[in-house]
Each structure stands twice: as structure tokens, then as C-alpha cells.
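# Working through the structure, step by step
Chain by chain, the residues:
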Amino acid sequence: QLQLVESGGGLVQPGGSLRLSCAVSGFTLDYYAIGWFRQAPGQEREWVACTSSSGGNKNYADSVKGRFTIFRDNAKNTVYLQMNSLKPEDTGVYYCAASTDRGWCGLVRRMYDYWGQGTQVTVSS
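Below you will find a few notes about this structure.

Parameters at a glance
Residues numbered from 1 in each chain as written. Predicted model: local features only at pLDDT ≥ 70, side-chain atom pairs only at ≥ 80, totals over all residues. Heavy atoms only, no water. Salt bridge = Lys/Arg side-chain N within 4 Å of Asp/Glu carboxyl O. Helix = DSSP H or I, 4+ residues; strand = E, 2+ residues; numbered from the N terminus. Core = buried A, V, L, I, M, F, W, Y, C linked by side-chain atoms within 4.5 Å. Buried < 20%, exposed > 50% of the residue type's maximum accessible area, 1.4 Å probe, protein only. Contact = heavy atoms within 4.5 Å. Phe/Tyr/Trp six-rings, centres within 6.5 Å; stacked < 30°, edge-to-face > 60°. Lys NZ or Arg CZ within 6 Å of the ring centre and 35° of its normal.

## Details of the pattern of salt bridges
Using the criterion set out here, one finds four salt bridges in the structure. In this structure, the salt-bridge partner of Asp62 is Lys65, at a minimum N-O distance of 3.1 Å. In this structure, the salt-bridge partner of Arg67 is Asp90, at a minimum N-O distance of 2.8 Å. Placement of the pair is Arg67 in the loop between β6 (58–60) and β7 (68–73) and Asp90 in the loop between β8 (78–83) and β9 (92–99), with a sequence separation of 23 residues. A network of salt bridges, in which partner residues are shared, links Arg38, Glu46, Arg67 and Asp90.

Now the structure itself:
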């Protein structure tokens, strides 16, 4: 049974950093592409970043380019989202999701088959 569990969220000052983790179980990570999404209260879920199963293809939303980095450790079945220079508008619940299309890396939600429960990130003074 496939599961994804996010962790690492919390409260951080503007300009600070957080590293989110997405631990997977029930499958081998190198068979799946992984995406990160976020959702602020009252807003629709938006795509943030993704990585193909090999890690060779990565894409980022314009709002986070240069500040966020996605990377994976397939041996540990974990995908990370390093978030630097955080802004209040980065606040939201962050979700990781897995796609069975190993080469997929994009913002189309229906391409992601499995979702984690989310972890809260709050950026505030």
C-alpha cells in the first residue's frame, strides 16, 4: 500500500529557511515522479515544484524559482523541498504527490496519483 508522509513544516520568520521531507512507503521511490503543491486558506491548491523519478528533470513555479530546491534520495525513499528566503506569501499547507508516469514533471494535478496529508508552513514575523 503506497503512502506519502510530509514533515518539516513549522513557523519561521521572513527570510528564514525550512526543509520539508516527503517519506514514501509501500513502493520504491525511483519508480515515481514527485511533485510538491501548496494551499493557502481560501485558495486553490497550486503547484510548487517537481522532479522526475531519476531526478534528471526538475521544474519550479515562477514564484519560488531561485529560492526553493527539490531533490531526492531514492536510497532513503525520501524527497526534500529546501525552502530559503521565505516570504509571508509562502504560507500554506504543503503536500507531496507521486505520479506513476516516471518522466512526468509538471503542474497538472491529475497526473499525480497519490497524495500525502500535508504539513503546515507559516512565514510570519
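## Thoughts on the nonpolar core
With 34 residues, the main nonpolar core has Leu4, Trp36, Val48, Phe68, Leu81, Met83 and Tyr94 as its most contacted residues. Mapped by element, the contributors of at least two residues to this core are β3 (18–25), β4 (33–39), β5 (46–51), β7, β8, β9 and β11 (119–123). Discounting chain neighbours no more than four positions away, the residues touching Leu4 are Cys22, Ala23, Val24, Ile34, Cys96, Ala97, Ala98, Tyr114, Trp115, Gly116 and Gln117.

## Focus on the packing of aromatic side chains
In the structure shown here, the tally under the stated rule is four aromatic pairs. Aromatic pair Phe37 and Tyr112: ring centres 5.2 Å apart, planes at 85°, arrangement edge-to-face. Note that Phe37 is positioned in strand β4 and Tyr112 in the loop between β9 and β10 (114–115), a separation of 75 residues in sequence. The pair Phe37 / Tyr112 is uniform in exposure class, with both members buried. Between Phe71 and Tyr80, the aromatic rings sit 5.0 Å apart at their centres with planes inclined by 25°, giving stacked as the arrangement. By relative accessible area, which is 26% here, Phe71 ends up partly exposed. An aromatic cluster is present here, built from Phe37, Tyr112 and Trp115 joined pairwise through their rings. Sitting above the plane of the Tyr80 ring, Arg19 keeps its charged end 6.0 Å from the centroid. One Lys or Arg, Arg45, reaches over the ring of Tyr95 and ends 3.7 Å from the middle of that ring.

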